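Residues per chain are reported as follows:
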Amino acid sequence: MSDSEIYLDFSPMFLIYKDGSINRKATERVPPSLDPEDNVWSKDVVYSPELNLSLRLYLPKHTVTNPDHKLNVLVYFHGGAFCAGSPFSAFYHNYLNTLVQAANVLLVSVEYRLAPEHRLPAAYNDGWTAVNWVASHANGNGPEEWLNSNADFDKVFFAGDSAGGNIAYNMAMRYSHEKLVGINLKGIALIHTYFWGKDPIGSESCKDMKMKERMDNLWPFLFPARSGLDDPFINPTADPNLATLNCSKVLIFVAEKDRYMLTDRGWLYYEALRKSGWGGNVEIMESKGEDHCFHLLRFGSEKSKAMLEKLVSFLNDQRENGDYRV
């Protein structure tokens, strides 16, 4: 198709055309493995046979020989603007291998249906199915032995980057309202999360106006059945139930030079949650001079290492307060 037929340009990740079709950048699927460097086992498991959706499980190798030591559980959702990305890509496989080794957690990386073939709420519904699948192991009789034998269901975390951070947040809110039996949600980690809103904030009105237009148009395209840019799914600060989040801590990451202008949205959510009357502990970490999801593209850099250390501390219940800029 010609450039004149492009509706949303998020290249090189994807292009959406006016007829609703999409051109995604090809993503190589890497197999699960025992990484000899990180000492982490991984395998793929189907969690929704009806939709042919899988997840990738990660387990520290030493746990296999020490079943009495239960591990915190991290349910992770990949990014990609709800239109691209995969838990089976090299980006996520390599990063999550490193995270699992550093944090010593059992990690569940979730595949979900993508737009425009499957508009929202498909990804949210898939995320909730995956969370319920994890919870089905709480009595030790679930379909996956790694979870039955090794998971501490009193210490469950949700996390994700970009659109995946949005899914993690909305899964936490649904958990808070539906009181899912079997797991105790300790916290959520939101990495460069895709939040937005109708009215521009901070530097949004004086940065790249073409990008702002794309961001304004993306959400109605993804979820046409909802009420617009101040819908609580995309703008949590517009949610009167913000303080009902039922977990004890939240960690937010933002990047100063985020090309999708999500930095101020992360700070806005941080301030709104802190002032909402919610009883938990919220932290935020800003990476100076860095772009959106740089930690996946350059996960060996010093600032990505600082992010990893902060996330590991969070997952291992080391409480801190406030905001950090590195």
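Calculation criteria
Residues numbered from 1 in each chain as written. Predicted model: local features only at pLDDT ≥ 70, side-chain atom pairs only at ≥ 80, totals over all residues. Heavy atoms only, no water. 1 Å grid on protein atoms, 1.4 Å probe; cavity = no way out; pocket = protein on both sides within 12 Å on 5 of 7 lines; lining within 4 Å. Points joined across faces, edges and corners; volume = space filled by probe spheres on them. Helix = DSSP H or I, 4+ residues; strand = E, 2+ residues; numbered from the N terminus. Nonpolar A, V, L, I, M, F, W, Y, C, P; charged D, E, K, R; others polar. Salt bridge = Lys/Arg side-chain N within 4 Å of Asp/Glu carboxyl O. Buried < 20%, exposed > 50% of the residue type's maximum accessible area, 1.4 Å probe, protein only. Pairing = 2+ DSSP bridges. Right-handed = clockwise from strand over helix to strand, strands pointing away. Axes fitted to C-alpha atoms, helices over the stretch in contact; angles between N-to-C directions. Parallel < 35°, antiparallel > 145°, perpendicular 65-115°, else oblique. Left-handed = near helix turned anticlockwise from the far one by under 90°. Contact = heavy atoms within 4.5 Å. UniProt positions renumbered as here; feature names shortened; annotations may be inferred. Phe/Tyr/Trp six-rings, centres within 6.5 Å; stacked < 30°, edge-to-face > 60°.

Draft legend 1. Structural context of the layout of surface pockets. Considered as a void within the structure, the largest pocket measures approximately 890 Å³ in volume. Lining the largest pocket are 37 residues; nearest its centre among them are M13, G80, A84, G85 and F91. Of all elements in the fold, only α2 (90-103), α6 (209-222) and α8 (294-297) reach the threshold of two or more residues within the lining of the largest pocket. Per element, the largest residue contribution to the lining of the largest pocket is 3 residues, and it comes from α2. A per-class count over the lining of the largest pocket returns 21 nonpolar, 9 polar and 7 charged. In this structure, the second largest pocket spans a volume of roughly 220 Å³. Every element with two or more residues in the lining of the second largest pocket is listed here: α3 (122-135) and α5 (163-178). Sorting elements by how many residues they give to the lining of the second largest pocket places α5 first, with 6 residues. Residues that form the lining of the second largest pocket fall into these classes: 7 nonpolar, 3 polar and 2 charged.

Draft legend 2. Molecular detail of the pattern of salt bridges. Per the stated rule, a full pass over the model turns up 16 salt bridges. Residue D44 pairs with R56 through a salt bridge whose shortest N-O separation is 2.6 Å. Of the two residues, D44 sits in strand β4 (residues 40-48) while R56 sits in strand β5 (residues 53-60), which places them 12 residues apart along the sequence. Assessed through its relative accessible area of 28%, D44 is described here as partly exposed.

Draft legend 3. The arrangement of the pairing of strand β11 (residues 281-287) in detail. For β11, the buried fraction is high: 7 of the 7 residues fall into the buried class. Every second residue of β11 is oriented toward a common face, with N281, E283, M285 and S287 on one face and V282, I284 and E286 on the other, all of them buried. One ladder, built from 7 bridges, connects strand β10 (residues 249-255) with β11; its direction is parallel. Among the inter-strand pairings, F253 is bridged to a residue of β11, identified as M285. For the segment spanning β10, helix α7 (residues 263-275) and β11, crossover handedness is right-handed.

Draft legend 4. Structural context of the packing of α2 against helix α9 (residues 302-315). Taken N-terminus to C-terminus, the directions of α2 and α9 make an angle of 50°; their axes are 9 Å apart at the nearest point. It follows that α2 is oblique to α9 by the angle criterion. Crossing of α2 against α9: the hand is right-handed. Where α2 approaches α9, its residues Y95, T98, L99, A102 and A103 are matched on the opposing element by L308, L311, V312 and L315.

Draft legend 5. Structural view of the UniProt feature "active site" (unreviewed entry) in the chain. Per the UniProt record, the feature "active site" (unreviewed entry) sits at S162. Along the polypeptide, S162 turns up in the loop between β8 (151-161) and α5. On the basis of relative accessible area, S162 is assigned to the buried category, the value being 9%. Setting aside residues no more than four positions away along its own chain, S162 makes contact with G79, G80, I191, H192, T193, Y194, H292 and C293.

Draft legend 6. Geometry of empty space enclosed by the protein. Scanning all chains against the criterion turns up 1 cavity of 30 Å³ or more. Roughly 40 Å³ of volume is contained in the largest cavity. Around the largest cavity, the lining residues are L190, H192, T193, F195, I252, F253, V254, L262, R265 and G266. It is β10 that contributes the most residues to the lining of the largest cavity, 3 residues altogether. Taken together, the residues of the lining of the largest cavity break down into 6 nonpolar, 3 polar and 1 charged.

Draft legend 7. Broad picture of the packing of aromatic side chains. Under the definition given, this model contains 16 aromatic pairs. Ring centres of F82 and Y124 lie 5.8 Å apart, and the angle between their planes is 75°; on these two criteria the pair is classed as edge-to-face. Here F82 is found in the loop between β6 (71-77) and α2, whereas its partner Y124 is found in helix α3, with 42 residues between them in sequence. Judged by relative accessible area, which is 1%, F82 ranks as buried. For Y124, a relative accessible area of 3% gives the class buried. Of the aromatic side chains, those joined through ring pairs into one cluster are F82, Y124, Y194, W219, F223 and F233.

Draft legend 8. Expanded view of unusual backbone geometry. Each neighbour pair has its own omega, and for A115 with P116 the value is 5°, a cis peptide bond. Secondary-structure assignment places P116 in the loop between β7 (106-110) and α3. A cis amide bond, omega 20°, links L120 with the succeeding residue P121. By the element assignment, P121 lies in the loop between β7 and α3. A positive phi is found at H192, a non-glycine position, where the angle reads about 50°. Considering the arrangement of structural elements, one finds H192 in the loop between β9 (185-191) and α6. Non-glycine residue M261 carries a positive phi angle of around 60°. Take M261: it is sitting in the loop between β10 and α7.

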